[in-house]
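Each chain is listed here by its residues.
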Amino acid sequence: MNKFLILAVATLAIACVQARPDAYDAAAETREYKSDLKEDGSYSYQYQTSNGIAGQESGVGGYYASGSSAYYAPDGQLVQLTYTADENGYHPVGAHLPTPPPIPAAILKSLEYIRTHPHQEQRQGQGRF
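Residues numbered from 1 in each chain as written. Predicted model: local features only at pLDDT ≥ 70, side-chain atom pairs only at ≥ 80, totals over all residues. Heavy atoms only, no water.

**Some words on helix α3 (residues 105-116)**
If you check α3, its first and last C-alpha atoms are 17 Å apart, about what 12 residues at 1.5 Å a residue would give, namely 16 Å. Of all 12 residues that make up α3, zero are buried, and the element is exposed over most of its length. (Helix = DSSP H or I, 4+ residues; strand = E, 2+ residues; numbered from the N terminus. Expected span 1.5 Å × (residues − 1). Buried < 20%, exposed > 50% of the residue type's maximum accessible area, 1.4 Å probe, protein only.)

**Remarks on the sheet that holds strand β6 (residues 89-93)**
Pairing within the open sheet is antiparallel, and its six strands lie in the order β1-β2-β3-β4-β5-β6. Of all the strands in the sheet, the pair left with one neighbour each is β1 (30-37) and β6. Averaged over all neighbouring strand pairs, the angle between strand axes comes to 10 degrees, with direction disregarded. When strand β3 (residues 54-60) meets strand β4 (residues 64-72), the two strands line up antiparallel, connected through seven bridges. (Pairing = 2+ DSSP bridges. Axes fitted to C-alpha atoms, helices over the stretch in contact; angles between N-to-C directions.)

**Considering the packing of aromatic side chains**
Under the counting rule described, the total for this entry stands at two aromatic pairs. Aromatic pair Y45 and Y47: ring centres 6.4 Å apart, planes at 15 degrees, arrangement stacked. Y45 sits in the partly exposed class, given a relative accessible area of 28%. For Y47, a relative accessible area of 28% gives the class partly exposed. Consider the rings of Y83 and Y90, whose centres lie 5.7 Å apart with planes at 40 degrees: the pair is tilted. (Phe/Tyr/Trp six-rings, centres within 6.5 Å; stacked < 30°, edge-to-face > 60°.)

**Quick notes on the environment of S69**
Mapped onto the elements of the fold, S69 is located in strand β4. Residue class for S69 comes out partly exposed when judged on its relative accessible area of 22%. Sequence-wise, S69 and V79 are 10 residues apart; in three dimensions their C-alpha atoms are separated by 8.3 Å. In contact with S69, other than residues within four places in its own chain, are A54, G55, V79, Q80 and L81. (Contact = heavy atoms within 4.5 Å.)

**Examining the pairing of strand β2 (residues 42-49)**
In this structure, β1 lies alongside β2, joined through seven bridges in antiparallel fashion. When the sheet's bridge partners are listed, T30 is paired in β2 with T49. Linking two consecutive strands that pair antiparallel, namely β1 and β2, is a turn of four residues; a positive phi of about 95 degrees is found at G41 within it. What sits between the antiparallel neighbours β2 and β3 is a turn of four residues, in which G52 has the positive phi angle 90 degrees.

**Description of a nonpolar patch on the surface**
Where nonpolar side chains cluster on the molecular surface, the patch consists of I103, I107, L108, L111, Y113 and I114 and spans about 610 Å² of accessible area. For I107, the location among the structural elements is in helix α3. (Patch = residues over 30% accessible without salt bridge, like charges linked within 9 Å, V, L, I, M, F, W, Y side chains within 5 Å. Areas by Shrake-Rupley, 256 points an atom, 1.4 Å probe, with all protein chains shown as cover. Salt bridge = Lys/Arg side-chain N within 4 Å of Asp/Glu carboxyl O.)

This is how it looks when you write it as structure tokens:
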């Protein structure tokens with residue numbers, strides 16, 4: 001029983017230490033901040049902190065935006081993200097983002113068949129309802 005209690009307390013202590021923010025991050029300060037908002041709705045901003053977090057964005061409010069951000073992961077690796085946002089949605093790019101698996105060859109073959117063999121109604125130029 002004592003071994004279990006010691007193991008549980010040790011595990012909890014490790015979890016608490018890992019969940020607590022690093023003192024370096026907790027004391028981070030904003031080193032640079034710039035912001036510009038124009039009457040036509042266009043804007044830009046940029047910031048940088050003492051612990052390596054940085055970001056910038058520019059765009060036209062409600063229509064378009066593009067920007068980037070960067071920070072250091074807990075393992076020390078630099079994480080960088082660039083993005084655009086417009087009428088077609090949000091488009092992030094970064095080496096850390098997951099990517100979909102490749103489309104299987106059989107599915108690609110089926111899609112090509114469908115593309116090259118339209119439905120009979122489409123070939124005749126008339127639809128049925």
